[in-house]
Amino acid sequence: MSPHFSVLIDIVFIKVLEVKYMYKEYITFFHFVNKYFKQISNFIGLHNMADIIKISQLLESGVVATDDLLEVSINNQNGTYTSRKLQVSTLLALVNSQLPTSGNFGMINILDYVNNTDATVDQTANVQAAFNAAAATGGQVIIPSGTEILCLSDVTLASHCDILGFSKLTENAFDVTSLESGLVFADGASLVMELGSTITAVRVRSQSVREATDFTDPSSFFTGTGIKINNTDVSIISCSVFGFTNGIISTGPTGRTTITDMKADNINSINLDNSEDVSRLTNVQIWPFCGGAGSLAIRDGIGITLQNNGDWTHLTNCFTWGVTVGFKLNDVRSNVSFTACGSDFPSFTEPSTGIDIEGDCGTVDIIGSRIELVETGIHLNYTPSVDNIGSVNIIGCTISRFSQGILITQGDAKIIGCTIIGERDGNENLNGLLEGVKIIDTTAFVTVSENLFENIVAVGSKAIEQDGVPTGSRTLDRNHLKNVTDSGDDNSDQESNMLTAIGVVKGTATDPDVIALCQAFEDNYFKNT
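Residue positions are given per chain, counting from 1 as you read along its sequence in written order. In keeping with the model being predicted, local features are shown solely for residues with a pLDDT of at least 70 and side-chain atom pairs are shown and tallied solely at 80 or more, while totals for entire chains, interfaces and linings include all residues. For the side-chain quantities, the full set of heavy atoms in the structure was used; hydrogens and water were omitted.

Draft legend 1. The packing of aromatic side chains, seen in detail. For this analysis, a ring pair means two rings from Phe, Tyr or Trp (six-membered ring only for Trp) whose centres lie within 6.5 Å, classed as stacked if their planes differ by under 30 degrees, edge-to-face if by over 60, and tilted for the remaining angles. For the coordinates displayed, the defined rule picks out 5 aromatic pairs. When the centroid spacing of 6.2 Å and the interplanar angle of 75 degrees are considered together, the rings of phenylalanine 221 and phenylalanine 222 count as edge-to-face. Each residue's exposure class comes from its accessible area (1.4 Å probe, protein chains only) as a fraction of the maximum for that residue type: buried when under 20%, exposed when over 50%, partly exposed otherwise. Overall, phenylalanine 221 belongs to the buried group, its relative accessible area being 17%. Centre to centre, the rings of phenylalanine 242 and phenylalanine 289 are 5.5 Å apart; their planes meet at 45 degrees, and the pair counts as tilted. One end of the pair, phenylalanine 242, is in strand S17 (residues 240-242); the other, phenylalanine 289, is in the loop between strand S21 (280-286) and strand S22 (299-310), and 47 residues separate them in sequence. Phenylalanine 289 matches phenylalanine 242 in its accessibility class, with the two residues each being buried. Every member of this aromatic cluster is reached through a ring pair, and the members are Phe242, Trp287, Phe289 and Trp321. In this text, helices come from DSSP runs of H or I with a minimum length of four residues, and strands from runs of E with a minimum of two, each type numbered from the N-terminal end.

Below is the structure:
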């Protein structure tokens, strides 16, 4: 190292002077600074990071000349910094003398391996070579923005390796000119993720979608599987997955899967099979991004599926639109929770379900979620798990514009504090016969309490409909009715009728004592409900 720079260079900020950059042309190299902070005592980090290229490519790119000046802040190791101006040639010599090549730190630029970046030539072998190089150090493969790479066969990301892109999650799945970082897979090809691997900010899409020209019904050419989760502790972060029959599947047993801030449009977007331990799905949006030209064609599939175990899986702020079944649990056995999730569909006259729970099932909590414009909001058809005796708890949810708000074919349930609205307004019969809560299972233990049923007025409709004579425990109380012709709950009907009568008396009475007595009754009723 030059004697002028004998102090350690620590988190050096470089500002390029006298050089003009276009958007996304900032030269960045040591993106791994944060990851390797404790291992590196001498390094230089450039801010405004975007694409990753080797520092030796500065000159080759022609963006920077050897005599361009760079302003460098030197850490004096005593809380002060010294500002210096260096020529690029001096900086290169300094860096090259102090640091090994980026590959030795596990930072692999995929452009060093592939020879085509517009997804027109198969790069399977080259991509796998880059992944293998990262596997040697447990490192990271960088896919620069504006790069799309085609694979005609599976590629496997080894244990504890990462893929990092720079996608901005645009809503146009067909835009091939965008600054996305992309992997494109032919039918039969997938990204296979092993133990502890991570993919961040990459658009994964099918070759058929990328090459499509007629988007009238894009689901007709959705093919293959985008990502296969093959082991535990896999993370998919800020990615988009478009145009597959199955967007993401786990081949189990897996666990601790993290999927967050993702956009997806597939026939079946996420299927976690045999997830054994605490998976997390957060901020997942499933929507017809591949609609093209404003088309919002229905996907005849399932947005998110958990099956054959779902041990303590939590779904938070996940949303599906236009999928025949928004969320499906099948034989999940263990505890699963939905918090602030949503499911929407374009028509309640089409077969559709917001949340469908079937098979062997333990406790499931559905909290503060919203389901709208579906034939059946929530369908329960499960048997209590042998391992986890429990029920489905539907708390504080809103279900609106349906044929059946909550259908209990089999299984126990607690429905508390929900708002169940049959029609958008009470002046128009949008849905025909409506059933807010329908209980078919006569042996089920069901609590329906402190809910608001609203705008259920069509002939034959009921807020609560029970088939047969129940033998299981039933608690139907303190439910509030607004524009409901038949509650199906004698307790609520009696309370509602009594309140109506009291209101009439209060409105016509002239005796102050009678009015005060009516007011006291109303105050006491609403205080206790």
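Draft legend 2. Spatial organisation of helix H3 (residues 124-135). The span you would expect from a helix comes to 1.5 Å times its residue count less one. Under the 1.5 Å per step criterion, the end-to-end length of H3 is 16 Å for 12 residues, consistent within 8% with the ideal 16 Å. Among the residues of H3, those classed as buried are Thr124, Val127, Gln128, Ala130, Phe131 and Ala134. Mapping the buried residues of H3 onto a view down its axis gives an arc of 155 degrees, with all of them on the same face. What the arc measures is the spread of directions leading from the helix axis to the C-beta atoms.

Draft legend 3. Quick look at the pattern of salt bridges. One side-chain nitrogen of Lys or Arg within 4 Å of one carboxyl oxygen of Asp or Glu is enough to make a salt bridge. Tallied over the full model, the rule gives 12 salt bridges. Here glutamate 148 ties to arginine 205 by a salt bridge, and the two come within 2.9 Å at their closest N and O atoms. Remark: arginine 205 occurs in strand S14 (residues 203-206) and glutamate 148 occurs in strand S8 (residues 147-151); sequence separation between them is 57 residues. The pair formed by glutamate 148 and arginine 205 is uniform in burial state, with each residue classed as buried. The salt bridge involving glutamate 372 is made with arginine 370; its shortest N-O contact spans 3.4 Å.

Draft legend 4. Main features of the pairing of strand S11 (residues 181-185). Across the 5 residues that make up S11, a large majority, 5, are buried. Here S11 shows two buried faces, one formed by Ser181, Leu183 and Phe185 and the other by Gly182 and Val184. Relative to S11, S8 runs parallel, the two being bridged by 5 bridges. If you follow glutamate 148 over to S11, its bridge partner there is glycine 182. In terms of strand pairing, S11 meets S14 through 4 bridges, oriented parallel. Of the residues in S14, the one forming a bridge with glycine 182 is arginine 203. When DSSP finds at least two bridges between two strands, those strands are taken to pair.

Draft legend 5. Layout of the nonpolar core. By nonpolar core we mean a set of buried residues, namely Ala, Val, Leu, Ile, Met, Phe, Trp, Tyr and Cys, connected to one another through side-chain atoms within 4.5 Å. One finds Leu191, Ile236, Leu315, Phe338, Ile357 and Ile366 to be the most contacted residues of the largest nonpolar core, which totals 84 residues. Broken down by element, this core gets its largest block of residues, 5 residues, from strand S30 (residues 370-384). Sequence-distant contacts of leucine 191, that is, excluding residues within four places in its chain, are made with Phe131, Val155, Leu157, Ile163, Phe185, Ile199, Gly226, Ile227 and Lys228. Within the second largest apolar cluster, 8 residues are counted, among which are Val209, Phe221, Phe222 and Cys290. For this analysis, residues touch if any pair of their heavy atoms sits within 4.5 Å.

Draft legend 6. Quick peek at the environment of asparagine 317. Position of asparagine 317 relative to the elements: it lies in the loop between strand S23 (313-316) and strand S24 (319-321). For asparagine 317, a relative accessible area of 42% puts it in the partly exposed group. Sequence separation of asparagine 317 and leucine 281 is 36 residues, and the distance between their C-alpha atoms is 8.4 Å. Those residues in contact with asparagine 317, other than ones at most four positions away along the chain, are Asn283, Val284, Thr339, Ala340 and Cys341. At 2.7 Å, the side chain of asparagine 317 forms a polar contact with the side chain of asparagine 283. Here a polar contact is recorded for every N or O atom pair within 3.5 Å, except that within protein the pair must consist of a potential hydrogen donor and a potential acceptor, and residues adjacent in sequence are included only if both atoms are side-chain atoms.

Draft legend 7. The arrangement of the confidence of the model for the protein in detail. When pLDDT is averaged along the protein, the result is 76; 67% of the residues meet or exceed 70. Low confidence marks residues 1-59, where pLDDT is under 50. Its contacts with residues over four positions away, or in another chain, come to 139 contacts. Counting interchain partners and residues more than four positions distant, the pLDDT-below-50 stretch residues 95-104 has 17 contacts. A residue's pLDDT is simply how confident the predictor is in it, with values from 0 to 100.

Draft legend 8. The arrangement of unusual backbone geometry in detail. Residues other than glycine seldom take positive phi values, yet alanine 119 does so here, at roughly 60 degrees. Tracing the chain through its elements places alanine 119 in strand S6 (residues 118-122). Positive phi outside glycine occurs at asparagine 283, with the angle close to 55 degrees. Relative to the helices and strands, asparagine 283 is located in strand S21. Judged by its relative accessible area of 31%, asparagine 283 is partly exposed.

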